[in-house]
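# Observations on the model geometry
If you want the building blocks of each chain, they are given just below.
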Amino acid sequence: MISHNPLIVNTKSWNISKKKICVIYYSWTERTALVAESIAEVVKADLVRIKEIKIRKGVTGVLSGAFQAIFHRKSDVIHPSVDISNYDLIILGAPVWCGNIPPAINGFLSKTKFSNKAIVLLITMALWGGKRVLKALDRKRNVIEFFIVKTGRKSRKELIDEGKKIGRRISSLITGLSL
Ligand SMILES: Cc1cc2nc3c(=O)[nH]c(=O)nc-3n(C[C@H](O)[C@H](O)[C@H](O)COP(=O)(O)O)c2cc1C
């Protein structure tokens with residue numbers, strides 16, 4: 001787990017008083033889901049899953065996903081009925097696909113206005129590319145913290161524990177800095 005965003009200089013953004021939090025995530029093979037769901041449990045957040053309209057399956061799903069990610073394509077997603085303006089903090093979870101943002105997240109972001117909403121990024125990957133995705137997602141958004149989780153050889157339990165650890169860290173940052 002890597003934390004503290006070197007791109008972030010304004011820690012005052014953590015001055016979150018109402019602490020209404022939403023975890024929004026995309027997950028194809030359930031790893032991001034396990035981490036994101038346990039973060040949501042710890043920080044008592046609402047949970048929203050981004051789903052692609054076209055079901056992604058098998059080798060074709062991997063190959064088309066790789067192509068779409070490399071060329072920054074968007075896939076059509078069932079737009080979650082979530083009103084971002086209701087929340088003080090958004091935790092956005094995404095896996096790395098070929099060192100890039102997966103098409104479902106591109107699809108979601110293209111239709112979602114974050115204004116200056118505080119965002120914590122959760123990025124999962126097997127091995128490589130988390131920082132590239134962080135930079136791409138950080139652009140023009142108020143990302144106040146990030147966590148990159150290597151999921152490769154981790155069991156379900158380890159991923160859930162990792163999520164709990166991240167959740168506790170987020171909770172401590174919120175209460176610590178909003179005093
Ligand atoms: C199409 C595709 C491309 C991927 N590209 C990368 C990559 O560039 N670097 C990496 O470390 N992991 C890569 N992975 C692995 C996933 O990022 C990693 O397993 C992630 O935790 C999966 O999240 P999920 O289970 O929520 O879908 C890729 C997976 C897929 C399906």
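As shown above, the structure is provided for reference.
Residues numbered from 1 in each chain as written. Predicted model: local features only at pLDDT ≥ 70, side-chain atom pairs only at ≥ 80, totals over all residues.

### Focus on the overall build of the protein
Within the protein one finds five helices and six strands. Put simply, the protein runs from its N terminus to its C terminus through helices and strands in the order β-α-β-α-β-β-α-β-α-β-α. Considering only intrachain contacts with a sequence separation of at least 6, the fraction spanning at least 24 residues in the protein is 84%. (Helix = DSSP H or I, 4+ residues; strand = E, 2+ residues; numbered from the N terminus. Contact = placed C-beta atoms within 7 Å.)

### Comments concerning the site of the ligand
Taken together, 22 residues form the shell around the ligand, and within it S27, T29, R31, T32 and P95 come nearest. Going through the elements one at a time, α1 (31-43), α2 (58-70) and β5 (118-125) are the ones with two or more residues in the shell around the ligand. When the residues that make up the shell around the ligand are grouped by side-chain class, the tally is 12 nonpolar, eight polar and two charged. (Near = placed C-beta within 6 Å. Nonpolar A, V, L, I, M, F, W, Y, C, P; charged D, E, K, R; others polar.)

### Points about the nonpolar core
By size, the foremost hydrophobic cluster in this structure holds 47 residues, and its most contacted members are V23, I39, I91, L121, L122 and I123. For this core, the secondary structure elements donating two or more residues are β1 (21-26), α1, β4 (89-95), α3 (103-110), β5, α4 (130-138), β6 (142-150) and α5 (156-177). Leave out the neighbours within four places in its chain, and L122 touches V35, A36, I39, I91, L92, G93, F147 and I166. (Core = buried A, V, L, I, M, F, W, Y, C linked by C-beta atoms within 7 Å. Buried ≥ 20, exposed ≤ 12 C-beta atoms within 10 Å, placed from the backbone.)

### Quick word on α1
The α-helix advances 3.6 residues per turn, and as a result positions three or four apart in sequence lie on the same side. With 13 residues, α1 should reach 18 Å at 1.5 Å per residue; the first-to-last C-alpha distance of 19 Å fits that figure. The element α1 is largely enclosed, with a buried count of 11 among its 13 residues. Those residues of α1 that sit buried are R31, T32, A33, L34, V35, A36, E37, S38, I39, A40 and V43. K44 sits one or two positions beyond α1 and adopts a positive phi of about 55°. (Expected span 1.5 Å × (residues − 1).)

### Section: the pairing of β4
Of all seven residues that make up β4, seven are buried, and the element is covered over most of its length. Going residue by residue along β4, you find L89, I91, G93 and P95 tucked away on one face and I90, L92 and A94 tucked away on the opposite face as well. Sheet topology note: the β1/β4 ladder contains five bridges and is parallel. Bridging from a neighbouring strand, V23 pairs with I91 of β4. Bridge count for β4 against β5 is seven bridges, and the pairing is parallel. Each bridged residue has a counterpart across the sheet, and for L89 the counterpart in β5 is A118. In this view, the connection linking β4 to its parallel neighbour β5 by way of α3 has right-handed handedness. (Pairing = 2+ DSSP bridges. Right-handed = clockwise from strand over helix to strand, strands pointing away.)

### Topic: the environment of E162
Tracing the chain through its elements places E162 in helix α5. Of the residues examined, E162 has 23 C-beta atoms within 10 Å and is grouped as buried. With 126 residues separating them in the primary sequence, E162 and A36 have C-alpha atoms 9.6 Å apart.

### Overview of the sheet that holds β5
Taken together, six strands build an open sheet; the order of strands is β3-β2-β1-β4-β5-β6 and the sheet is mixed. Across the chains shown, the open sheet's two edge strands, defined by having one partner strand only, are β3 (77-78) and β6. With two bridges connecting them, strand β2 (residues 46-52) and β3 associate as antiparallel partners. Along β3, the bridge assignment pairs K51 with I78. Sheet strands touched by α1: β1, β2, β4, β5 and β6. Its angle to β1, the strand with the most contacts, is close to 175°. Contacts from α4 reach β4, β5 and β6, with the element oriented near 155° to β5. (Axes fitted to C-alpha atoms, helices over the stretch in contact; angles between N-to-C directions.)

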